[in-house]
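Residue-level listing of the chains:
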Amino acid sequence: MSYTFLQHYWCFLVSLLGALLVFLLFVQGANSMVRSLGYTEEGRRLIINSTGRKWEFTFTTLVTFGGAFFASFPLFYSTSFGGAYWLWMIILFTFVVQAVSYEFQNKLGNFLGPKTFQMCLVINGLLGPLLLGGAVATFFEGSNFIVAKENLVDTGVLTPVISRWANASHGLDALLNPWVLVFGLAVMFLARVLGILYIINNVDDEDIRSRASVRLIGAAVPFLVLFVAYLVHLLLKDGYAYDEAGIISIVPYKYLDNFLTLWPLTILFLVGVVLVLWGIATEILRGSKFFTLHSSLFPFSGIWPAGIGVVLVVLPLLLMSAWNGTAYYPSTADLQSSLTIVNSCSSEFTLRTMFYVSLIIPFVLAYIVYAWWAIDKKKLTKDEIADGHSY
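Residues numbered from 1 in each chain as written. Predicted model: local features only at pLDDT ≥ 70, side-chain atom pairs only at ≥ 80, totals over all residues. Heavy atoms only, no water.

1. Overview of helix 5 (residues 55-72)
Stage number 1. Counted at 1.5 Å a residue, the expected span for helix 5 with its 18 residues is 26 Å, and the 26 Å between its end C-alpha atoms agrees.
Stage number 2. Within helix 5 the residues assigned to the buried category are W55, F57, T58, T61, L62, F65, G66, A68, F69 and S72. (Helix = DSSP H or I, 4+ residues; strand = E, 2+ residues; numbered from the N terminus. Expected span 1.5 Å × (residues − 1). Buried < 20%, exposed > 50% of the residue type's maximum accessible area, 1.4 Å probe, protein only.)

2. So, the environment of C345
Stage number 1. By the element assignment, C345 lies in the loop between helix 14 (303-320) and helix 15 (348-357).
Stage number 2. Along the chain, C345 and D238 lie 107 residues apart, while their C-alpha atoms are 24 Å from each other.
Stage number 3. Discounting residues that sit within four places of it in the chain, C345 has contacts with Y3, Q7, S72, F73, P74 and L351. (Contact = heavy atoms within 4.5 Å.)

3. Looking at the pattern of salt bridges
Stage number 1. All chains considered together, the criterion is met by 2 salt bridges.
Stage number 2. Notably, a salt bridge pairs D207 with R211, separated by 3.1 Å at the nearest N-O pair. On the criterion of helical spacing, the pair formed by D207 and R211 is a turn pair, its members being 4 residues apart in helix 10 (residues 206-236).
Stage number 3. Of the residues examined, R211 reaches a relative accessible area of 12% and is grouped as buried. (Salt bridge = Lys/Arg side-chain N within 4 Å of Asp/Glu carboxyl O.)

4. Remarks on helix 6 (residues 74-83)
Stage number 1. Listing the buried residues of helix 6 in full gives L75, F76, T79, S80, F81 and G83.
Stage number 2. Check the buried side of helix 6 and you find it contacts helix 5, helix 7 (85-104), helix 8 (114-141), strand 1 (145-147) and strand 2 (163-165).

5. Description of the packing of helix 4 (residues 41-52) against helix 9 (residues 178-202)
Stage number 1. For the pair helix 4 and helix 9, interaxial distance at closest approach is 11 Å and the crossing angle is 100°. Considering the angle they form, helix 4 stands roughly perpendicular to helix 9. In this structure, helix 4 uses I47, S50 and T51 to contact helix 9, whose residues at the interface are Y198, I199 and N202.
Stage number 2. Looking at side-chain class alone, the contact of helix 4 with helix 9 contains 3 nonpolar, 3 polar and no charged residues. (Axes fitted to C-alpha atoms, helices over the stretch in contact; angles between N-to-C directions. Parallel < 35°, antiparallel > 145°, perpendicular 65-115°, else oblique. Nonpolar A, V, L, I, M, F, W, Y, C, P; charged D, E, K, R; others polar.)

Here is the structure:
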């Protein structure tokens, strides 16, 4: 296990957590449509109780994603989470409000009323994926920061600051980049697609499921348009590369070169795209004559091929931003301040120690799969929201 292997290994694990987080945003996607999918109060409670079984998975994965970044690439953590704190604070605030909304919307003494907390869930469902997608887009589009490692050895500085944001917006300036918004909106509509697919699979209510099938087209079309537009932009744009000396340079068609050079990841990416389209088509075509004649092509509910596909798409995309000598967090203020997996990682001792700790991850995943199966082995019905354990 060389230092280079450990750097790439932890980049892979962080990217995998990011890919799982994007899939789990189906909770936010369903919540963003709670009022359009559930026309009655009973229908809205069905949807909220369906997503309420899974919101802890999303929140925990978000925290674990940040923790893994902190442990393996601390300079990114201090630069992005410390410098762009307004962007991250808004994201975290919406998730905290989500947790509060689930717990208190139907509790005795709620003077604000259930609708207030339901609107908070809608806001989280829209802003959460949009801002998280925008944050991920900065891996390709760059951010406005400066890194000065020499401050650590400057004896004249009592409290040395390694990195700082180059303006007073502290991350909100990223939203002024139209391509950041395009990617953020793509993630938001993807979350809505996944949310609809999950509700169709999890809720045993024909009225909600029939309405969800119609809404699926309205979410899938803008997602596909935005995603394809950003993918074309990504393949044609300049990228940021570093050499053996650590010098950062701008390279034309860098990400296209990554797709060609890292061809196994490209194959994984294309398989994921096919699975996402397969999952969407499963529910759009369900009930049609074509579906009846070719039912063997659609053996699963749409959420499963689409969910697996999302992980297989996002994982290679994140790795394309860091592997093959690519600066995964470019600086638009100072090119040489751009972060790579080499100049921003923890020490070899730390990465090696965490490698052994990471070997327990398969057991944790196995427990999550079992817990998921136990929760969802029975579809949610109206009878279950009448007991005292419902949201």
